[in-house]
Amino acid sequence: MKTLSAGKKIAYAAPAFALAVVGIPVYVYLPKFYTDVVGVHISALGIILLIVRLFDAVTDPAIGLISDRIQTPWGRRRPFILGGAVLTALAILLLFNPPHVDADAATLWFLALIFALFLFWTVVIVPYESLGPELTFDYDERTTLFSIRDGALIAGTLVAAASPATVKWIFSIPEGGAGERETFFILSLIYAPLIIITAVWCVLAFREKAIEIKTKTDNIFSRVLSSLKNRPFRILLISYTISAIGNNLPATLILYYVEYVLHSPRADLYLLLYFVTGILFLPLWVAGSGRFGKKAVWLVSMAVNTGAFFWVFFLGPGDELIYGILVFISGIGFGATLAIPSAIQADVIDYDELKTGERREGLYIGLWSIAKKLAAALGVGAGLALLGASGYVPNIKQSESVVFTLRVLYALVPCLCNAAALVIATAYPISGDLHREIRDAISRQAEGEPVYDPLAPGKLIDRRS
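This structure is a prediction, so every number in the text was calculated from the model and none was measured.

> Whenever I open this one, the overall build of the protein confuses me. Can you help?
When you go through the protein residue by residue, the secondary structure sums to 15 helices and zero strands. For the protein, the C-alpha radius of gyration of 22 Å lies close to 23 Å, the compact-globule estimate for 465 residues. Projected onto its principal axes, the C-alpha coordinates of the protein cover approximately 70 × 45 × 40 Å. Counting the 465 residues in the protein, one finds 57% classified as buried.

Right under this line is the structure:
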């Protein structure tokens, strides 16, 4: 299938909109809710979030590998998408509604439920994202498909960012502990069914392509190692991971930064500005990708996103207007830094098929998911732990050491990470022309012809190696 209808693209993108709740609420609002209202110590919470992501380092590739190799009447991916969505919805209902208990019990509750949430989210998200590269093999069509999906993710994140304030306004919920609990209760009643409904829509919209499953006895570790021999994937994975580590720090710390550095109550407004800007400019980046190529657009978008945000480090109380301008400029590049790597990833999976003769989307998405989750864990875990170590105390004026730590973690470290990621990304080798050569070689290979590696001219591909 080269071209997908608009309806199918939207059906595929729909779960991304709903699953965005495992983003802003979990990484931005939930930590502050659990530290300031429920009573979990900030350092303990940060450590828990770091540990749960290490757990994902096992579950993500495992679920991906299982979904690559399982055979059911409904396909490889769709049973996981639907079943995982139901379990994720249940975990959200429980995590967003903690009981009134002491700090130790609250910590155990958070520990158990956050582990459950991320396990069930893995069960749905890895097969869901693995489905995408199978839907079309066209270089430019993939950019459009993943831009719609990741645009839906940004839109879902935007809605998730606005949801707490919107719920409080609609239901006239007062500030304070009881008000925060009521807000999260209503949010859970919105998102739990939304996740299930969008998953059902996606599952019913597609019939998966028939894939020949080759029986192999190698274990998950050998398959992971074989995937890491894919040089374009290594470059993409390393660059994206370093960038994501940096990007997750401001996502985690924005509420703290805006309140304690800028002395402003308008963090929600700045989040909305960032995400709206990302959505509005995403179609321009997609158009640029078709004209100049995915790699060029990716590099430029990272440069724009990072170059503007660097100056945030120098801001202080009263600099809201300047901060808003910098957030807007940084947001121009945001959408492309999310969507373009997803489209590039589909191309490196095709290169793996040429080298191995297998479609291993699940394995690659599992490794990609590890990178995203570990980056988020380091952003949340290290960010909150260092903030706690600097002397952070909830709901009071912070010391100079806390404020300086916030400025460094929120602005300076992310910019350094993105600069390093940009340099690494310059080595990525697959262009549109090379991708077409890869697809052509796969077709000729299927007919029994010997083929040469498009990325290593003159080298005959031998799958036995």
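From this point, the discussion proceeds with the structure in view.
> I'm lost on the environment of K229 in this one. Help?
Structurally, the position occupied by K229 is in the loop between α8 (220–227) and α9 (231–260). Separated by 168 residues in the primary sequence, K229 and P61 have C-alpha atoms spaced 16 Å apart.

> Help me understand the nonpolar core, please; the structure alone is not making it clear to me.
In summary, soluble globular proteins display a tendency toward joint burial of nonpolar side chains. One finds I114 and Y323 to be the most contacted residues of the largest nonpolar core, which totals 103 residues. Counting residues per element, this core draws most heavily on helix α5 (residues 103–135), which supplies 14 residues. Contact partners of I114, with chain neighbours within four places excluded, come to V26, I48, L49, V52 and L95. In this structure, V224, L237, A336 and I461 belong to the second largest nonpolar core, which totals 37 residues.

> Is there a simple way to explain the packing of aromatic side chains in this structure?
Aromatic ring pairs are defined here through the distance separating the ring centres and the angle between the ring planes. Counted under the stated rule, the structure contains 24 aromatic pairs. On the basis of an interplanar angle of 85° and a centroid distance of 4.7 Å, the ring pair of Y270 and Y323 is categorised as edge-to-face. With a gap of 53 residues between them, Y270 in helix α10 (residues 267–292) and Y323 in helix α12 (residues 320–356) connect regions that are remote in the sequence. Judged by relative accessible area, Y270 falls into the buried class, the value being 7%. You can call Y323 buried: its relative accessible area is 0%. Residues F310 and W311 carry aromatic rings whose centres are separated by 5.2 Å and whose planes lie at 75° to one another, so their mutual orientation is edge-to-face. Three or more aromatic residues link up through ring pairs in this structure, and these residues are F33, Y34, F96, F110 and F184. When the ring centre of F206 is taken as origin, the NZ or CZ atom of K8, which lies over that ring, is 5.1 Å away. Positioned above the aromatic ring of F137, the side-chain terminus of R439 is 4.2 Å from the ring centre.

> What exactly am I supposed to notice about the packing of helix α2 (residues 24–38) against helix α6 (residues 139–170) here?
Any two packed helices are characterised by how steeply their axes cross, that is the angle between the axes, and by the distance between the axes. Axis separation between α2 and α6 bottoms out at 10 Å; the angle between their running directions is 25°. In terms of orientation, α2 and α6 fall into the roughly parallel class. Regarding α2 and α6, the two cross each other, and that crossing is right-handed. Seen from α2, the contacting residues are I24, P25 and Y29; seen from α6, they are T157, A160, A161 and P164. Its residues assigned to classes, the contact of α2 with α6 comprises six nonpolar, one polar and no charged.

> Sorry if this is basic, but what is going on with helix α15 (residues 432–446) here?
Side chains of residues three or four places apart in an α-helix project in the same direction, reflecting 3.6 residues per turn. Here α15 spans 21 Å end to end across 15 residues, near enough to the 21 Å set by a 1.5 Å rise per residue. Residues of α15 that are buried include every one of G432, L434, H435, I438, R439, A441, I442 and Q445, and no others. Close packing links the buried residues of α15 with α6 and α12. Just beyond α15, the residue with positive phi is G448, at close to 90°.

> Help me out: how do you make sense of the side chain of K168 in this one?
Looking at the element boundaries, K168 is found in helix α6. A polar contact is formed between the side chain of K168 and the side chain of E180, at a distance of 2.5 Å. Not counting residues up to four positions away in its chain, the partners in contact with K168 are I173, E175, E180 and T183.

> Looking at this model, I keep getting lost on the environment of G331. Mind explaining?
The topology assignment puts G331 in helix α12. Separated by 130 residues in the primary sequence, G331 and I461 have C-alpha atoms spaced 43 Å apart. Among residues more than four places away in sequence, those in contact with G331 are Y274, T277 and G278.

> Explain the pattern of salt bridges here, please?
One pass over the full model with this rule turns up 25 salt bridges. One salt bridge in this structure joins R77 and D68, with 2.9 Å as the shortest N-O distance. Here the two residues R77 and D68 agree in accessibility, since each one is buried. In this structure, D352 and R360 form a salt bridge, with 2.8 Å as the shortest nitrogen-oxygen distance. Within the structure, one salt-bridge network assembled from shared partners comprises D68, R76, R77, E134, R142, K294, D347, D350, E353, R359, E361 and R439.

> Looking at this structure, how should I read the packing of α6 against helix α7 (residues 177–205)?
Interhelical geometry of α6 versus α7 gives an angle of 135° and a closest axis separation of 9 Å. Judged by the angle between their axes, α6 and α7 are oblique. Crossing of α6 over α7 shows right-handed handedness. Between α6 and α7, the contacting residues are G156, V159, A160, S163, P164, V167 and K168 on the first element and E180, T183, I186, L187, I190 and Y191 on the second. Here the contact of α6 with α7 is built from residues that sort into eight nonpolar, three polar and two charged.

> In this structure, what is going on with the confidence of the model for the protein? I would like to understand it.
Caution applies to low-pLDDT parts of the model: their predicted coordinates are not meant to be read in detail. In this model, the protein carries an average pLDDT of 87, and 97% of its residues clear a pLDDT of 70 or more. The secondary structure element of the protein with the lowest average pLDDT is α8, at 78, and the one with the highest is helix α4 (residues 78–95), at 95.

> Can you walk me through α8 in this structure?
Three or more residues of α8 are buried, namely R223, V224 and S227. End-on view of α8: buried residues confined to an arc of 100°, all on one side of the axis. Across from the buried face of α8, at angles greater than 90 degrees, the exposed residues are F221 and L225. In this structure, the buried residues of α8 make contact with α3 (42–69), α9 and α13 (361–389).

What counts and how
Residues numbered from 1 in each chain as written. Predicted model: local features only at pLDDT ≥ 70, side-chain atom pairs only at ≥ 80, totals over all residues. Heavy atoms only, no water. Helix = DSSP H or I, 4+ residues; strand = E, 2+ residues; numbered from the N terminus. Rg over C-alpha atoms; globule rule 2.2 N^0.38 Å. Buried < 20%, exposed > 50% of the residue type's maximum accessible area, 1.4 Å probe, protein only. Core = buried A, V, L, I, M, F, W, Y, C linked by side-chain atoms within 4.5 Å. Contact = heavy atoms within 4.5 Å. Phe/Tyr/Trp six-rings, centres within 6.5 Å; stacked < 30°, edge-to-face > 60°. Lys NZ or Arg CZ within 6 Å of the ring centre and 35° of its normal. Axes fitted to C-alpha atoms, helices over the stretch in contact; angles between N-to-C directions. Parallel < 35°, antiparallel > 145°, perpendicular 65-115°, else oblique. Left-handed = near helix turned anticlockwise from the far one by under 90°. Nonpolar A, V, L, I, M, F, W, Y, C, P; charged D, E, K, R; others polar. Expected span 1.5 Å × (residues − 1). Polar contact = N/O pair within 3.5 Å; in protein donor to acceptor, adjacent residues only side chain to side chain. Salt bridge = Lys/Arg side-chain N within 4 Å of Asp/Glu carboxyl O. pLDDT = per-residue confidence, 0-100. Arc of directions from axis to C-beta.

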